[in-house]
Amino acid sequence: MSSVQPKVYLEVIKQINNIINEDQLTSGDKLPSERELSDRLDVGRSSVREALRALELLDLIETRRGEGTFIKPFGSYRLVEILLSFLLKDEGARKDLTETRRIVELEALKLACDRVSDESIEELQHLLERAKEEWSHGDLPVEEDYLFHKTIVKACENQLLLNLWVSLVEYNKVAIERSLQRAGRMSASLSEHEEIYQALKKRDRTQAVAAMTLHLENSRF
């Protein structure tokens, strides 16, 4: 979980958006440096760095080593403000985030049933095995859980859906850990992942969606 305060973090996102508009920057243009943004916005560099990372996760900017940070082609920067307004805020917003994640993940799963590669199926099996091994040692496989879901969304071969999913989940991994810490939840989660994996392996959309729906409801993210 980020140590940057949510209000500062979200405000920096909005101010960077304002700078893009004020400076009339467009696709391919270079953003001011991290240091310049920090000075111009009068905020700490850690807050600027966190905001830029979010923009990069959404595929709106790219960092080129030795050159700087550049704006990537995209329709509207309003998307950033809309998405991040849901993150790390009040209870109602967190419920909206959970609901939006479920919608994105289930739609991605439907596409993945038609598009998933054998390599992705193997990766899911590998993650399942790693998770079981971690749990056998008494460790919560939080990263394996996260990567299991991410691999499925990635398998839908829709970059924007993947970017949306990452923006909704990346900053809330603590919710995964809290869910898995509940009594009996870890063993149940592994079984549910196995059901999802088997359905996806058979490219059975109905079974996969049913298994994922149950899993997300039980997970209480």
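Predicted, not measured: the structure shown is a model, and the values here were computed from it.

## Focus: unusual backbone geometry
Despite not being glycine, Asp-42 has its phi angle at roughly 60°, a positive value. Asp-42 sits in the exposed class, given a relative accessible area of 70%. The backbone of Arg-203 sits at a positive phi, close to 60°, despite the residue not being glycine. Turning to its location among the elements, Arg-203 is positioned in the loop between helix 10 (185-201) and helix 11 (205-219).

## A word on the nonpolar core
Looking at soluble globular proteins, one finds that nonpolar side chains tend to be buried together. Leu-109, Phe-148, Ile-152, Trp-165, Leu-200 and Met-212 are the most contacted members of the largest nonpolar core, which has 39 residues in total. Residue assignment for this core shows that the elements contributing at least two residues are helix 5 (91-115), helix 6 (118-136), helix 7 (142-154), helix 8 (159-169), helix 9 (173-180), helix 10 and helix 11. Once residues lying within four places of it in the same chain are set aside, the contact partners of Phe-148 are Leu-124, Leu-127, Leu-128, His-193, Ile-196 and Tyr-197.

## A few points about helix 8
Each α-helix turn comprises 3.6 residues. Residues three or four places apart therefore point the same way. Across the eleven residues of helix 8, nine count as buried, placing the element largely inside the fold. All of the buried residues in helix 8 are Leu-161, Leu-162, Asn-163, Leu-164, Trp-165, Val-166, Ser-167, Leu-168 and Val-169. Capping of helix 8 at its N-terminal end is provided by Asn-158; its side-chain oxygen lies 3.1 Å from the backbone amide nitrogen of Leu-160.

## What about the pattern of salt bridges?
Taken as a whole and assessed by the stated rule, the structure comprises 13 salt bridges. Notably, a salt bridge pairs Glu-34 with Arg-45, separated by 3.4 Å at the nearest N-O pair. In this pair, Glu-34 is assigned in helix 2 (residues 34-41) and Arg-45 in helix 3 (residues 45-57), connecting sequence segments eleven residues apart. Salt bridges sharing common partners tie together Glu-22, Asp-23 and Arg-40.

## Considerations on the environment of Leu-162
The topology assignment puts Leu-162 in helix 8. On the basis of relative accessibility, which here comes to 9%, the residue Leu-162 falls in the buried class.

## Some remarks on the packing of aromatic side chains
Throughout the structure, instances matching the rule amount to one aromatic pair. Lying over the aromatic face of Phe-70, Arg-64 brings its terminal NZ or CZ to 3.9 Å of the ring centre.

## A word on the confidence of the model for the protein
Keep in mind that low pLDDT regions are not for reading the predicted coordinates in detail. Taken residue by residue, the protein gives an average pLDDT of 85. The fraction at 70 or more is 86%. Counting contacts from residues 1-5, a segment whose pLDDT is below 50, to residues more than four positions away or on other chains yields nine contacts.

## With respect to helix 10
Taking 1.5 Å of rise per residue, 17 residues should cover 24 Å, and helix 10 covers 24 Å from first to last C-alpha, within 8% of that figure. One or two steps after helix 10, the chain reaches Arg-203, where phi turns positive at roughly 60°.

## Section: the environment of Arg-101
Position of Arg-101 among the secondary structure elements: in helix 5. Here Arg-101 falls in the buried class, since its relative accessible area comes to 6%. In the structure, Arg-101 is positioned 67 residues away from Leu-168 in sequence and 6.4 Å away in space, judged by C-alpha atoms.

About the thresholds
- Residues numbered from 1 in each chain as written.
- Predicted model: local features only at pLDDT ≥ 70, side-chain atom pairs only at ≥ 80, totals over all residues.
- Heavy atoms only, no water.
- Buried < 20%, exposed > 50% of the residue type's maximum accessible area, 1.4 Å probe, protein only.
- Helix = DSSP H or I, 4+ residues; strand = E, 2+ residues; numbered from the N terminus.
- Core = buried A, V, L, I, M, F, W, Y, C linked by side-chain atoms within 4.5 Å.
- Contact = heavy atoms within 4.5 Å.
- Polar contact = N/O pair within 3.5 Å; in protein donor to acceptor, adjacent residues only side chain to side chain.
- Salt bridge = Lys/Arg side-chain N within 4 Å of Asp/Glu carboxyl O.
- Phe/Tyr/Trp six-rings, centres within 6.5 Å; stacked < 30°, edge-to-face > 60°.
- Lys NZ or Arg CZ within 6 Å of the ring centre and 35° of its normal.
- pLDDT = per-residue confidence, 0-100.
- Expected span 1.5 Å × (residues − 1).

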